Protein chains: 2
Amino acid sequence: MKIAVVTTGDEILQGIIIDTNSAWISERCHMFGHEIVYHASVGDSEKDIINALKHAETIADCVIVSGGLGPTVDDITVESAAKGFSVQLQFDQNAYADIERFFEKAKRPMAKTNKKQAMIPEGGKILCNKFGTAPGVQVKFGKAIFFFLPGVPSELYQIFGDSIEPWLKSQSSGYCEYKVLRCFGMPEASIDEKISDIDLCGCRLSFRVKFPEVLLKIICRSDDKEVAAASIEKVAGQIKDRLQEVVYGEGDLGMAHVLGEMLTNKGLTISLAESCTGGLVSDLITNVPGASKYFKAGIVSYSNDVKEKLLEVPKATIETKGAVSEETVLATASGIRKISNSSIGIGISGIAGPEGGSKEKPVGIVYMAYSTKDEEKAFKHFFSGDRERIKLLASMTAINMVRLYLTKNINLQE
Amino acid sequence: MKIAVVTTGDEILQGIIIDTNSAWISERCHMFGHEIVYHASVGDSEKDIINALKHAETIADCVIVSGGLGPTVDDITVESAAKGFSVQLQFDQNAYADIERFFEKAKRPMAKTNKKQAMIPEGGKILCNKFGTAPGVQVKFGKAIFFFLPGVPSELYQIFGDSIEPWLKSQSSGYCEYKVLRCFGMPEASIDEKISDIDLCGCRLSFRVKFPEVLLKIICRSDDKEVAAASIEKVAGQIKDRLQEVVYGEGDLGMAHVLGEMLTNKGLTISLAESCTGGLVSDLITNVPGASKYFKAGIVSYSNDVKEKLLEVPKATIETKGAVSEETVLATASGIRKISNSSIGIGISGIAGPEGGSKEKPVGIVYMAYSTKDEEKAFKHFFSGDRERIKLLASMTAINMVRLYLTKNINLQE
């Protein structure tokens, strides 16, 4: 079934509130195997509402509308719709009784204006609103089924769950399965190029950039749930073969989470000596619940004397090689590892900008290193963008550096 | 001028991402006195894109489109639009040169697929994208001016600000002035209650929660620019009188920025000893360009031995009072101040959850303290929400603690 979602309200059009109802409704419709073809938002204007609903009716089998069911003068969605499709409004005794009961229960007097909420298009069916006065309405206009729902999220969720979900389920055939592959370290265009010729086995592939990551979603619709799942696995396998370590995980868990699981499984601990990333790597790592099991300490050393004093970096190293150098990050990585008595130490230093760059060391240059009792290695990167973007890119690259190190050193243990 | 906003992307229609671009664009158009008549979102389907753009062209003078300018096969917005309005695409040498430069600067090879991003509809003008490869496009289709922008917010904001805002301004009559007051530490409903009866002097007031801050926008339209500005100042003055120190700043600069300016003006330096906030305070402070002038060091001490070893917290304090206690944060604040030789030391310790809470010290409890050579003080807070929310609330509250301390100690100097 093709579904259109229309939300109404001047506040949405003026950018005062962000329309979250459309995404909420769409996610559920999509889950039941329906295709959402259109979202629209219009203001509290009869003409605009009619235009949008008539357009929706031409492209969808079902139109879900939210907003404008309240009692005030600017709540005109249902009456505009009825007018647009030349259907009469009728006073609905049951709807009115529900509204009366709501006010009785709330021990508040009912305003005259609430009576208008019981006016329902001919042929329509009311959908019980447990949390407010505006009943939902289900009605056929033209060739599409329309659902009218309040814009207040809590009321919308309840009516949708109780009255629309069962109907959506009954209207859908087959299954929609999906899997998300999480990628880091290769831009969207290159990923696309690398996998453009794989056999999609009837699946659909969508790309989403969640900067600086790229999420690949493999979607399969089938009458047979197992067939869908098997097709997805085949496609996922091909993608992983092509992209290798660029695919760092699946589903909802981000890279810091994946790293956390690797550290936990191997019984390792980690500590950080950050400079240009300013604490962001620590922040990302400690966003993962339970990070205290493997994260011991982070030092953000913005000044050179802190690098010398706390991280025990030789003064000569900073003086001869500079704070932003391979030698310094190797020294801070090893310093923080020893001081905190961790399995792995990480050192990062660079120039996040916008000031502080030079010809030899431009804004965006970042050195990073890891240090373990057996091995240490430094890397040099150039990132582009503003300060926050460089911080984020450098931080994710540092986390990925540890992930790759652990992937390749599968037997590393304390 | 009537404006329509169209966003594209399967992920929006499937409810995977919430479309925030429409609200962002609309807010700005509205500010310049234009009327937004329509929002629509469609999937990455040629037919649906053409349908939506053709509908928009019939109801608006200007159509702003975001999304689908990337290099991959599902990025088809511009080519679909050109097809729908029967306009040829042409290879644009300047656009191509910009894309080449982007990859050169990033020291990455350009994928073949990026070439497609330089195909521009005949008669179109490219709008420079400083942060990505997809140039914006301005072109007249039918009777409306169309703007095509990338869906990535940072890229969209830059192109919109540089290329569309000046044009929107030129198309509007009269003046629309505004001022944003930034508030922290009081919920939206309480702010509303406190200021509900002030004289708005013809201005409009809008509330926006940018968690955990509340932004109050005072907007005034007038034929006379100075009259508008004066009205805004009157309203801003009344709001500041009512809300006092809850209003921490104006405009775009966040609290870490405001704190940075205070520290710079007073010639003070700061260092942090974080525990439950995990580096987020350091991250927020170092997001401000030039933070290296006043930020010396941060230590994220997740383990007790790091607290003892690096921050010189007496073992007895942690053993008798616990790591999450007034005594410990006072000790870490004073420890980091002395070690880093800073004017102000901050200590934070708490339980961010979801595990680790107890009856006496539930999830969400956070102690924080500041320490200077003259004074030290600790505070106890309870925050609610998930781990990331508690980290953010605690971090912002800690930055605000220093701001309030400096506001009250206006003569504090090194």
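Report follows, based on the coordinates.

Residue and element names in this part refer to chain A. Applying the stated criterion across every chain yields a total of 26 aromatic pairs over all chains. Aromatic pair Phe-85 and Phe-141: ring centres 5.0 Å apart, planes at 10°, arrangement stacked. Of this pair, Phe-85 sits in the loop between helix H4 (77-84) and strand S4 (89-91) while Phe-141 sits in strand S7 (residues 136-141); the two residues are 56 residues apart in sequence, bridging distant segments of the chain. For Phe-85, a relative accessible area of 16% translates into the label buried. The buried category is assigned to Phe-141, whose relative accessible area is 1%. For the pair Phe-141 and Phe-148, a centre-to-centre distance of 6.1 Å together with 65° between the ring planes defines the contact as edge-to-face. A relative accessible area of 0% means that Phe-148 is categorised as buried.

With 74 residues of chain B at the interface, the matching set in chain A holds 73 residues. For the pair chain B and chain A, the summed buried surface comes to about 6,000 Å²; carbon and sulfur atoms form 55% of the total. Here chain B is connected to chain A by three salt bridges. Connecting chain B to chain A are 31 residue pairs in polar contact (both at pLDDT 80 or more). Here the residues of the side of chain B that touches chain A are counted per class, giving 30 nonpolar, 24 polar and 20 charged.

Taking burial as the measure, the seven residues of strand S14 (residues 295-301) of chain B include seven buried ones, the bulk of the element. Sheet analysis places strand S14 (residues 295-301) of chain A next to S14(B), joined by five bridges and oriented antiparallel. Paired with A:Ser301 across the strands is B:Ala297, a residue of S14(B). Relative to S14(B), strand S13 (residues 270-274) of chain B runs parallel, the two sharing five bridges. Its bridge partner being in S14(B), B:Leu272 is matched across the sheet by B:Gly298.

On to the sheet that holds strand S9 (residues 175-184) of chain B. Residue and element names in this part refer to chain B. With antiparallel pairing, the four strands of this open sheet are ordered in space as S10-S11-S9-S12. Every other strand in the sheet has two partners, leaving strand S10 (204-210) and strand S12 (247-250) as the edge strands with one partner each. Strand-to-strand twist across the sheet, computed as the mean angle between neighbouring axes with direction ignored, equals 25°. Sheet topology places S10 next to strand S11 (residues 213-222); seven bridges connect them, and they run antiparallel. Across the sheet, the residue bridging to Arg-204 is Ile-219, located in S11. Contacts from helix H7 (residues 188-195) reach S9, S10 and S11 within the one sheet, and its direction differs from that of S10 by about 160°. Its contacts with the sheet put helix H8 (residues 225-243) on S9, S10, S11 and S12, and the angle it makes with S9 is roughly 15°.

Applying the stated criterion across every chain, the model contains seven cavities of 30 Å³ or more. Volume-wise, the largest cavity comes out at about 150 Å³. Considering the residues around the largest cavity, the lining is formed by 17 residues, among which A:Asp19, A:Ser41, B:Asp19, B:Ser22 and B:Ser41 are closest to the centre. Elements that contribute at least two residues to the lining of the largest cavity include exactly helix H2 (21-31) and strand S2 (35-42) of chain A together with helix H2 (21-31) and strand S2 (35-42) of chain B. Looking at the second largest cavity, the residues that line it are A:Gln14, A:Gly15, A:Ile16, B:Glu27, B:His30, B:Met31, B:Arg204, B:Ser206, B:Phe207, B:Arg208, B:Lys217 and B:Ile219. When residues of the lining of the second largest cavity are traced back to their parent elements, those giving at least two are H2, S10 and S11 of chain B. The greatest single-element share of the lining of the second largest cavity, amounting to four residues, is contributed by S10(B). Residue classes in the lining of the second largest cavity are distributed as four nonpolar, four polar and four charged.

Across the sheet, 10 strands lie side by side as S17(A)-S16(A)-S15(A)-S13(A)-S14(A)-S14(B)-S13(B)-S15(B)-S16(B)-S17(B); this open sheet has mixed pairing. With one partner strand each, in any of the chains shown, strand S17 (376-382) of chain A together with strand S17 (376-382) of chain B form the two edges of the open sheet. Ignoring strand direction, the axes of neighbouring strands in this sheet form an average angle of 10°. Pairing geometry for strand S16 (residues 365-371) of chain A and S17(A), over seven bridges, is antiparallel. From the neighbouring strand, A:Ile365 faces S17(A), where its bridge partner is A:Phe382. Here helix H13 (residues 326-340) of chain A sits on the sheet and contacts strand S13 (270-274), S14, strand S15 (344-350), S16 and S17 of chain A; the angle it forms with S15(A), its principal contact strand, is near 145°. Together, S13, S14, strand S15 (344-350), strand S16 (365-371) and S17 of chain B form the strand contacts of helix H13 (residues 326-340) of chain B, whose direction differs from that of S15(B) by roughly 145°.

In this structure, A:Phe148 and B:Phe148 are the most contacted members of the largest nonpolar core, which totals 52 residues. When near neighbours in sequence (up to four residues on either side) are disregarded, B:Phe148 contacts B:Leu53, B:Val65, B:Leu69, B:Thr77, B:Val78, B:Ala81, B:Gly136, B:Val137, B:Val139 and B:Phe141.

All names here are of chain A. One can describe the packing of helix H7 (residues 188-195) onto helix H8 (residues 225-243) by two numbers: an axis separation of 10 Å at closest approach and a directional angle of 115°. When the axes of H7 and H8 are compared, the pair comes out roughly perpendicular. In the crossing of H7 with H8, the sense of the turn from one axis to the other is right-handed. Each of Ile-191, Lys-194 and Ile-195 in H7 lies in contact with H8, whose residues at this interface are Ile-239, Arg-242 and Leu-243. When its residues are assigned to classes, the contact of H7 with H8 shows four nonpolar, no polar and two charged.

This next bit is on the layout of surface pockets. Each pocket or cavity is described by its volume, and for the second largest pocket that value is around 630 Å³. For the second largest pocket, the lining is made up of 27 residues, of which A:Ser384, A:Gly385, B:Phe102, B:Lys105 and B:Lys130 are closest to its centre. At the level of elements, helix H14 (387-408) of chain A together with helix H5 (93-106) of chain B are the ones that each hand at least two residues to the lining of the second largest pocket. With five residues, H5(B) is the largest single contributor of residues to the lining of the second largest pocket.

What counts, and at which threshold
Residues numbered from 1 in each chain as written. Chains lettered and ligands numbered in written order. Predicted model: local features only at pLDDT ≥ 70, side-chain atom pairs only at ≥ 80, totals over all residues. Heavy atoms only, no water. Phe/Tyr/Trp six-rings, centres within 6.5 Å; stacked < 30°, edge-to-face > 60°. Helix = DSSP H or I, 4+ residues; strand = E, 2+ residues; numbered from the N terminus. Buried < 20%, exposed > 50% of the residue type's maximum accessible area, 1.4 Å probe, protein only. Contact = heavy atoms within 4.5 Å. Buried area = accessible area lost by both parts, 1.4 Å probe. Salt bridge = Lys/Arg side-chain N within 4 Å of Asp/Glu carboxyl O. Polar contact = N/O pair within 3.5 Å; in protein donor to acceptor, adjacent residues only side chain to side chain. Nonpolar A, V, L, I, M, F, W, Y, C, P; charged D, E, K, R; others polar. Pairing = 2+ DSSP bridges. Axes fitted to C-alpha atoms, helices over the stretch in contact; angles between N-to-C directions. 1 Å grid on protein atoms, 1.4 Å probe; cavity = no way out; pocket = protein on both sides within 12 Å on 5 of 7 lines; lining within 4 Å. Points joined across faces, edges and corners; volume = space filled by probe spheres on them. Core = buried A, V, L, I, M, F, W, Y, C linked by side-chain atoms within 4.5 Å. Parallel < 35°, antiparallel > 145°, perpendicular 65-115°, else oblique. Left-handed = near helix turned anticlockwise from the far one by under 90°.

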